[in-house]
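Chain and residue survey
What follows is each chain in one-letter form.
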Amino acid sequence: MTFANFIRGQWSASRSGATFGDENPAIRGSSLAEFQSSTVDDVRDAVDAAAQAFPSWRRTPVTERKHHVQTFLTLLRDSREELSRIVTLENGKTIRESRAEVDSALVEGTHHVNQIEAFYEGSGPGAFSSKTWMQYEPVGVAGIISPWNFPMNVMCRKTLPALLTGNTVVFKPATFTPWSGVFMATLLEKAGLPPGVFNCVTGAGSTIGHALVTDPRVRAISFTGSTAVGKQIQQQAAENLTRTQLELGGKNALIVMEDADLAQAVDAAITAGFSNAGQWCTSTSRVLLHRPIARPFLERLVARCEKMTVGDGLSEATDMGPVAGPAQYRDVRAAIRQAEAAGARMVAGDPEPRAASPEPSGYFIRPTVFADVTPDMAIFREEIFGPVLAICEFDSIDEAIALGNRSMYGLSSAIFTTSHETARTYIDGIEAGLAHVNVHTGYKEPAMPFGGVKQSGAGLPENSETGLEFFVDRKAVYVR
Ligand code: NDP
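The structure contained in this document is the topic of the report that follows. The structure presented is a predicted model; accordingly, all values stated were derived computationally and were not measured.

Attention shifts here to the nonpolar core. If you look at the biggest cluster of nonpolar residues, it comprises 63 residues, and the most contacted ones within it are Val256, Leu289, Phe297, Leu301, Val369, Val373 and Ile379. Residues within four places of Ile379 in sequence aside, it is in contact with Lys251, Ala339, Phe370, Val373, Ile384, Val388 and Ala390. Among the nonpolar cores identified, the runner-up in size contains 53 residues, and Ile116, Met152, Val182 and Val197 belong to it.

This is the structure we're talking about:
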């Protein structure tokens, strides 16, 4: 099966005439389907279509735009099982995690639909006086570049606010997970969007990303992915002063104090450390343990890791699927080898690659925990984006916060404690976009801003009000 690009309301092949395969990471060497290897000319076509559709879409009443998005959400709800299967097939995460991803997209999308009219109440004639007012206007064409770790949820979190606020969209899914992206395009088509309002182009970011980011008609780029590519995008976007919303990497710390409920803290480390095989930007990757409870915590953590079933995500019995593809597998294994060589002590995991399911050929890595990690080690500093936890010990809350902040990243964080005072000290001291008390690092709600500080992000955060604000300009109107 070969899937096409979606441009101007039509399904079309790339001008390159070339396609690429989509591997199921649970079955090395498999190909689920073929997708278009698009060129910069295809991107130009898509931007042409979006730019032509913009004048009419921006004038479409917000109630009508909202109606289209609501129809899309209904179709998404109806496709939950089919889409979850696609996400698991191409990303590897467990089917339960894929269902949770779809549910999260539904919750976030519904939040934006429910807030859109109130959002516009602060804008337009009458907002200040009959002679002066501030008017929200869509920015134009929005470029959406999404990653493979949440291939449909991240796309929705960016695309739906862009459409609700009257922008048109060119969307590029990740090469590891094009099918989820194209499936979303089919749902938006069915939702009856006018031709050109939403366009989807598949292909390598390194080939077509630049064309999308630097087209002067593209006025906003919303990107989730690595910090390295995020920096490139920000530099390229600066050429036309195109605004960017960058959601990037993390090295998120979970702090466990001696007064914590240890069972809950271990649960948090397992959930945020190993869901999606550790491939999420808000996953826990460093666990900082108050010295008096370090030993019992580790014993419980290792026991839980050993019980986890790693295998094909389609099986309901699987606790953790493979990592998303060969590059991830190679990088995570290299990070594990490097940690061992640096002197960290592996207390859970598998020193040698081992396929843990009856399908022996997937990119499986067992939940891995390293103790005796020191801040100078790469495993402490660098984002691994895999099922690997680095454990450090500390003697005081101030030391724990200093360790947590010893990172170029600042996305998420968590503390487990029963002391209000300690929690307050942590909340005020931690350098992170998300601070959780007795809640795991991956938790979020749609009404709250979602974004990082330091090198974890730039631009207005997603979700909350800012998810909409990113896609509008403010026009000051004076009338005499
Ligand atoms: P990338 O940052 O390379 O990819 C993310 C998205 O950006 C993909 O759609 C990708 O396309 C696209 N892209 C790549 N290069 C460019 C470019 N020059 N211009 C515009 N778009 C581009 O991440 P990787 O997939 O390579 O993963 C590498 C690492 O990035 C991970 O190990 C992890 O550390 C981090 N990452 C973080 C994520 C997060 O949620 N914060 C999500 C994904 C990755 P294509 O797939 O075609 O290359």
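Here the phi dihedral of Asn276 falls at roughly 50°; this positive angle occurs in a residue that is not glycine. Locating Asn276 in the fold gives a position in the loop between helix H9 (262–274) and strand S12 (284–290). The exposure class of Asn276 is buried, given its relative accessible area of 7%. Its identity is not glycine, yet Ala277 carries a phi of approximately 50°, on the positive side. Along the polypeptide, Ala277 turns up in the loop between H9 and S12. For Ala277, a relative accessible area of 2% gives the class buried.

Another point: the pattern of salt bridges. Tallied over the full model, the rule gives 26 salt bridges. Among the ionic pairs, Asp41 bridges to Arg44, the shortest N-O distance being 3.0 Å. Of the two residues, Asp41 and Arg44 are both situated in helix H1 (residues 40–59); the distance of three residues between them amounts to about one turn of the helix. Asp41 sits in the partly exposed class, given a relative accessible area of 26%. Looking at Arg44, the relative accessible area reads 43%, which means it is partly exposed. The partner of Asp395 in a salt bridge is Arg291, and the shortest N-O contact between them spans 2.9 Å. You can see Asp395 sitting in the loop between strand S15 (388–394) and helix H13 (397–405) and its partner Arg291 sitting in helix H10 (residues 291–307), a full 104 residues away along the chain. Residue class for Arg291 comes out partly exposed when judged on its relative accessible area of 39%.

This part covers the sheet that holds strand S13 (residues 345–348). The seven strands lie next to each other as S13-S14-S15-S12-S11-S17-S18, forming an open sheet whose pairing is mixed. Both edges of this open sheet fall to S13 and strand S18 (436–437), since each of them pairs with a single strand only. Here four bridges tie strand S11 (residues 252–256) to strand S17 (residues 413–416), and the two strands are oriented parallel to one another. What sits directly across from Ile255, in S17, is Ile415.

Here Val266 is to be found in helix H9. Through-space distance from the C-alpha of Val266 to that of Asn24 is 31 Å; in sequence the pair is 242 residues apart. Apart from residues no more than four positions distant in its own chain, Val266 is found in contact with Phe297, Arg300, Leu301 and Arg304.

It is worth spelling out the packing of H1 against helix H7 (residues 205–214) at this point. Remark: H1 packs on H7, axes separated minimally by 9 Å, with the N-to-C direction vectors making an angle of 35°. For the pair H1 and H7, the sense of crossing is right-handed. On the side of H1, the interface is formed by Val40, Val43 and Val47, while H7 contributes Thr207, Ile208, Ala211 and Leu212. Across the contact of H1 with H7, the residue classes break down as six nonpolar, one polar and no charged.

Rules of the game
Residues numbered from 1 in each chain as written. Predicted model: local features only at pLDDT ≥ 70, side-chain atom pairs only at ≥ 80, totals over all residues. Heavy atoms only, no water. Core = buried A, V, L, I, M, F, W, Y, C linked by side-chain atoms within 4.5 Å. Buried < 20%, exposed > 50% of the residue type's maximum accessible area, 1.4 Å probe, protein only. Contact = heavy atoms within 4.5 Å. Helix = DSSP H or I, 4+ residues; strand = E, 2+ residues; numbered from the N terminus. Salt bridge = Lys/Arg side-chain N within 4 Å of Asp/Glu carboxyl O. Pairing = 2+ DSSP bridges. Axes fitted to C-alpha atoms, helices over the stretch in contact; angles between N-to-C directions. Left-handed = near helix turned anticlockwise from the far one by under 90°. Nonpolar A, V, L, I, M, F, W, Y, C, P; charged D, E, K, R; others polar.

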